[in-house]
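Descriptive analysis of the structure
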Amino acid sequence: MTASNEPEVVVEVSGLTKSFGPLEVLRGIDLRVNRGEVVCIIGPSGSGKSTLLRCVNLLEAPNGGRVAVNGVELTDPDVDIDAARRRIGMVFQSFNLFSHLNVLNNLMFAQRKVLGRDKAQAQEVAMANLTRVGLAEKANAMPNQLSGGQQQRVAIARALSMDPDVMLFDEPTSALDPELVGDVLNVMRTLAEDGMTMLVVTHEMLFAREVASRVLFMDAGVVVEEGPAEQVIGDPQQERTRTFLARVLDPIHQHGNPQ
Amino acid sequence: MALTKRQRARVFRGVQYGIGLLIVVIFALTANWANLKNAFFNVDVALSMFPRIITVGLYNTVIYTALGFSVGLVLGLVLALMRLSTVRVYRGLAIAYIEFFRGLPALLVLIAVGYGVPLAFPGTIFDKYTALAIGLGIVASAYMAETFRAGIQAVPAGQVEAARSLGLSSGRTTSFVVIPQAFKIILPPLTNELIALTKDSSLALFLGSTIAEQELTQMGRIALNTSKSLTPVVVAGFCYLIITLPLGYLSRYLERRTGGAKISTTPESISVGGPA
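These notes cover the structure that comes with them. Throughout, residues of each chain are indexed from 1 in the direction in which the sequence is written. For naming, the first written chain is A and the first written ligand is 1, with later ones following in the order written. Predicted model: local features are reported for residues with pLDDT of at least 70 only, side-chain atom pairs are reported and counted for 80 or more only, and whole-chain, interface and lining totals are derived from all residues. Hydrogens and waters are ignored; side-chain quantities use all the structure's heavy atoms.

**Thoughts on the interface of chain B and chain A**
Contacts are residue-level and defined by heavy atoms, with any inter-residue pair within 4.5 Å sufficient. The interface of chain B with chain A comprises 16 residues on the first partner and 22 residues on the second. Three residues, B:E161, B:S165 and B:L166, lead the burial of chain B against chain A; their summed loss comes to 35% of the area buried on that side. By convention in these notes, a salt bridge is any Lys or Arg side-chain nitrogen within 4 Å of a carboxyl oxygen on Asp or Glu. At the junction of chain B with chain A, the criterion picks out two salt bridges. A salt bridge links B:E161 to A:R54, with the shortest nitrogen-to-oxygen separation between them at 2.6 Å. Polar contact is defined as a pair of N or O atoms within 3.5 Å, subject to the rule that within protein one atom must be able to donate a hydrogen and the other to accept it, and that residues adjacent in sequence are counted only when both atoms are side-chain atoms. The interface formed by chain B and chain A includes eight residue pairs in polar contact (both at pLDDT 80 or more). A helix here means a DSSP run of H or I that spans at least four residues, while a strand means a run of E at least two residues long, and both kinds are numbered starting from the N terminus. Within the residue set of the side of chain B that touches chain A, elements represented by two or more residues are α8 (157-165) and α9 (170-200) of chain B. When residue character is reported, Ala, Val, Leu, Ile, Met, Phe, Trp, Tyr, Cys and Pro are called nonpolar, Asp, Glu, Lys and Arg charged, and the others, Gly included, polar. When grouped by side-chain class, the residues that make up the side of chain B that touches chain A number seven nonpolar, six polar and three charged. Accessible area that two parts lose when put together, evaluated with a 1.4 Å probe and summed over both, is termed the buried area.

See the structure below:
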């Protein structure tokens, strides 16, 4: 569906800085995501990875640097930010389904208000995406009647209904009960296999290792290490990456002591 | 022999009941019931007030309240949005308005509007209904603005972020995501404000009115003078309860249904006190 003249680079971030008061959260980030790539960002909490993701659709306004998506510079003060965000899907840790709307209307709402689709068309797209995440039978449920995993899959379907060029995932499984994580990751994996461009902040190392085209390790507001998943997760070059991975992959026996 | 904690509590409770009962008995024995009955429960006087106390008094009370509440609702919402605006001028104006009108007795505002507006704009048609809609609306809006603000702030930030990330503008996000959810949260306190306003509509009697414009309190007061009996007070009071008791029930029902706990997550508690 993508026209041939669209740029290969979907997300381009350069020299990005962000501070909350005196706290420097991002200290000069450069990032490129090409069409069809799945880039996973890993790192300890407070490393700035979620802030980076939120700067990509300008939910956080950066202090410095440049963010461009599909060639549109979002950091331009005169940009039509609402128009730019239409093409950037976002999935939150806490799902954020509209609690006053049922599932179907959650998916149809922005299609109708933002894209101007008529009711029949919006409903068709909504149902197709609900089917895609395996929840077509929940179309008339209210969000609070769904499990966390189901809510997150609906949230993914909602973002997909806008036909985004890139999907941003902000720790999509961190708020889920462990047994519900798999369903959401499977949906994301299928999405990746279908060629969706994805930027994923996650603590799921197995997912990153198997699905990501590239992995970024962030710490203290900078990208410490970047490369193919097998390399960054399987054979990290930096000491900070090794320490982090040892803690995440083997939280009880630190530094991989033998059983 | 020392009593257990439970036994002490029971003895204490018994003493409380005893004191309460004693006070009731003293009043019951010392009051002149014949006088009270003649003054407050004169059946002839009560019957003579019907049906006009309903068709005119109750009717006008409901109309005045509805008008004031509608104006207050719209104005209050605008004020709340101004209060939460990023534009400092709007914020300042809203705060000044809210503090000013919340701090004044409703009666003074009503008189100022009722007599001031015709003076300021001579020749304009300014009937009692308009005067009350504006006067009560101004007072109610100051309270409702704070209720709306608390409700809007109680809507999780993630709802706004989700809407904005789907490409909805700030205005549409407010209209279609924030306000509908805020409204659900503030329905119980809003019902309380409606009850308070119902009673405040009685201040209409200070504006002077034709016979057809009288509301409950004024009709009660006139009947008081002509009948030389206090019965009209009871009748008028009964009529207010016809309005306010169902509203109170509605408020409690809504609170149960929306699970009032949501509101307590706001940094500042919602103002439930109505205009006074």
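**Considerations on the state of the cysteines**
Two cysteine sulfurs form a disulfide in these notes if their separation is within 2.5 Å. Per the stated rule, a full pass over the model turns up zero disulfides over all chains. Considering cysteine sulfurs only, A:C55 is the nearest to A:C40, which forms no disulfide, with 19 Å between them.

**Comments concerning the nonpolar core**
Counting residues in each nonpolar core, the largest one holds 52 residues, and the members touching the most others are B:I53, B:Y97 and B:L132. Going through the elements one at a time, α3 (43-49), α4 (52-83), α5 (88-102), α6 (106-120), α7 (128-154), α9, α10 (216-227) and α11 (231-258) of chain B are the ones with two or more residues in this core. Per-element accounting of this core gives the leading share, 13 residues, to α7(B). With near-sequence residues (within four places) excluded, B:L132 lies in contact with B:Y64, B:G68, B:L110, B:G137, B:A204 and B:L207. By size, the runner-up hydrophobic cluster in this structure holds 50 residues, among which are A:F95, A:M198, A:V211 and A:A212. Among buried residues, the Ala, Val, Leu, Ile, Met, Phe, Trp, Tyr and Cys ones that are joined through side-chain atoms within 4.5 Å form a nonpolar core. The buried label goes to any residue with under 20% of its type's maximum accessible area, the exposed label to any with over 50%, and the partly exposed label to all in between, with areas taken from a 1.4 Å probe on protein chains only.

**Section: the packing of aromatic side chains**
Within 6.5 Å between ring centres, the rings of Phe, Tyr and Trp (the latter by its six-membered ring) count as paired, and their orientation is classed by plane angle as stacked under 30 degrees, edge-to-face over 60, tilted in between. Across all of its chains, the model carries seven aromatic pairs over all chains by this definition. Ring geometry for B:Y64 versus B:Y129: centroids 5.3 Å apart, planes at 55°, classification tilted. You can see B:Y64 sitting in helix α4 and its partner B:Y129 sitting in helix α7, a full 65 residues away along the chain. For B:Y64, a relative accessible area of 0% translates into the label buried. A centroid spacing of 5.0 Å and a plane angle of 90° characterise the contact between B:F100 and B:F101, whose relative ring orientation is edge-to-face. On the basis of relative accessibility, which here comes to 16%, the residue B:F101 falls in the buried class. Linked through ring pairs, A:F98, A:F109 and B:F176 together constitute an aromatic cluster. Here the guanidinium or amino end of A:K113 rests over the ring plane of B:F176, the centre of that ring lying 4.0 Å away. Should the NZ of a Lys or the CZ of an Arg lie within 6 Å of a ring centre and within 35 degrees of the ring normal, that charge is described as sitting over the ring. Between A:R158 and the ring centre of A:F98, over which it is positioned, the NZ or CZ distance is 4.6 Å.

**With respect to a nonpolar patch on the surface**
A surface patch of nonpolar side chains, amounting to about 570 Å² of accessible area, comprises B:L3, B:V11, B:V15, B:I19, B:I23 and B:F27. Residue position: B:I23 is located in helix α1 (residues 5-30). Candidate patch residues must exceed 30% relative accessible area and have no salt bridge, after which like charges are joined if within 9 Å and Val, Leu, Ile, Met, Phe, Trp or Tyr side chains if within 5 Å. Methods summary: accessible areas were calculated by the Shrake-Rupley approach with a probe of 1.4 Å, and residue burial reflects only the protein chains presented.

**So, the environment of A:M127**
All names here are of chain A. Tracing the backbone shows M127 in helix α4 (residues 119-132). Along the sequence, M127 and A157 sit 30 residues apart, while their C-alpha atoms lie 9.1 Å from each other. The contacts of M127, once residues within four sequence positions are left out, are L104, A136 and A139.

**Details of the packing of α7(B) against α9(B)**
Residues and elements named next belong to chain B. Throughout, an axis means a line fitted to C-alpha atoms (over the contacting stretch in the case of helices), and angles, computed between N-to-C directions, take values from 0 to 180 degrees. α9 packs onto α7 with a crossing angle of 150° between their chain directions and a minimal axis gap of 8 Å. Between α7 and α9, the interaxial angle falls into the category roughly antiparallel. The crossing of α7 and α9 is right-handed. Where α7 approaches α9, its residues L136, A140, Y143, M144, T147, F148, G151, I152 and A154 are matched on the opposing element by V178, A182, F183, I185, I186, P189, L190, E193, L197 and D200. Considered class by class, the residues forming the contact of α7 with α9 number 15 nonpolar, two polar and two charged. An angle below 35 degrees is read as roughly parallel, one above 145 as roughly antiparallel, one from 65 to 115 as roughly perpendicular, and any other as oblique. Rotating anticlockwise by less than a right angle from the far helix to the near helix defines a left-handed crossing, while the corresponding clockwise rotation defines a right-handed one.

**Some points on helix α5 (residues 148-160) of chain A**
Helical periodicity: at 3.6 residues per turn, an α-helix aligns residues three or four positions apart in one direction. The length a helix should cover is 1.5 Å for every residue beyond the first. Taking 1.5 Å per residue as the helical rise, α5(A) with its 13 residues ought to reach 18 Å, and the 18 Å between its terminal C-alpha atoms agrees with that figure. The element α5(A) is largely enclosed, with a buried count of 13 among its 13 residues.

**Concerning the sheet that holds strand β5 (residues 72-73) of chain A**
Residues and elements named next belong to chain A. For two strands to count as paired, DSSP must find a minimum of two bridges between them. Strand order in this open sheet of four strands is β2-β1-β4-β5, and the pairing throughout is antiparallel. The outermost strands of the open sheet, each flanked by one partner alone, are β2 (23-34) and β5. Contacts between helix α1 (residues 49-56) and the sheet are confined to β1 (9-20), β2 and β4 (64-69), with β1 contributing the most and set at about 120° to the helix.

**Overview of α5(B)**
All names here are of chain B. Across its 15 residues, α5 extends 21 Å between first and last C-alpha, which sits within 8% of the 21 Å expected from 1.5 Å per residue. Within α5, the full set of buried residues consists of A94, Y97, I98 and F101. Each buried residue of α5 lies within a common arc of 95° when the element is viewed along its axis, so the set occupies one face. More than 90 degrees from the buried face of α5, the exposed residues found are R88, V89 and F100. If you follow the buried residues of α5, they end up packed against α4, α6 and α7. Starting at the helix axis, one direction is taken to each C-beta atom, and the arc is that of these directions.

**Structural notes on a positive patch on the surface**
Among the surface-exposed residues, A:R112, A:K113, A:K119 and B:R172 lie close enough to one another that they form a single positively charged patch. Note that B:R172 resides in helix α9. Only four residue types enter the charge count, namely Lys and Arg as positive and Asp and Glu as negative; His and the chain termini do not. Taken as the charge centre is NZ of Lys, CZ of Arg, CG of Asp or CD of Glu, depending on the residue.

**Looking at the packing of α4(A) against α5(A)**
Residue and element names in this part refer to chain A. In contact at an axis separation of 9 Å, α4 and α5 are set at 140° when each is read in the N-to-C sense. As far as their axial angle goes, α5 and α4 are oblique. At the point where α4 passes α5, the crossing takes the right-handed sense. Contact residues: N129, L130 and R132 in α4; V154, A157 and L160 in α5.

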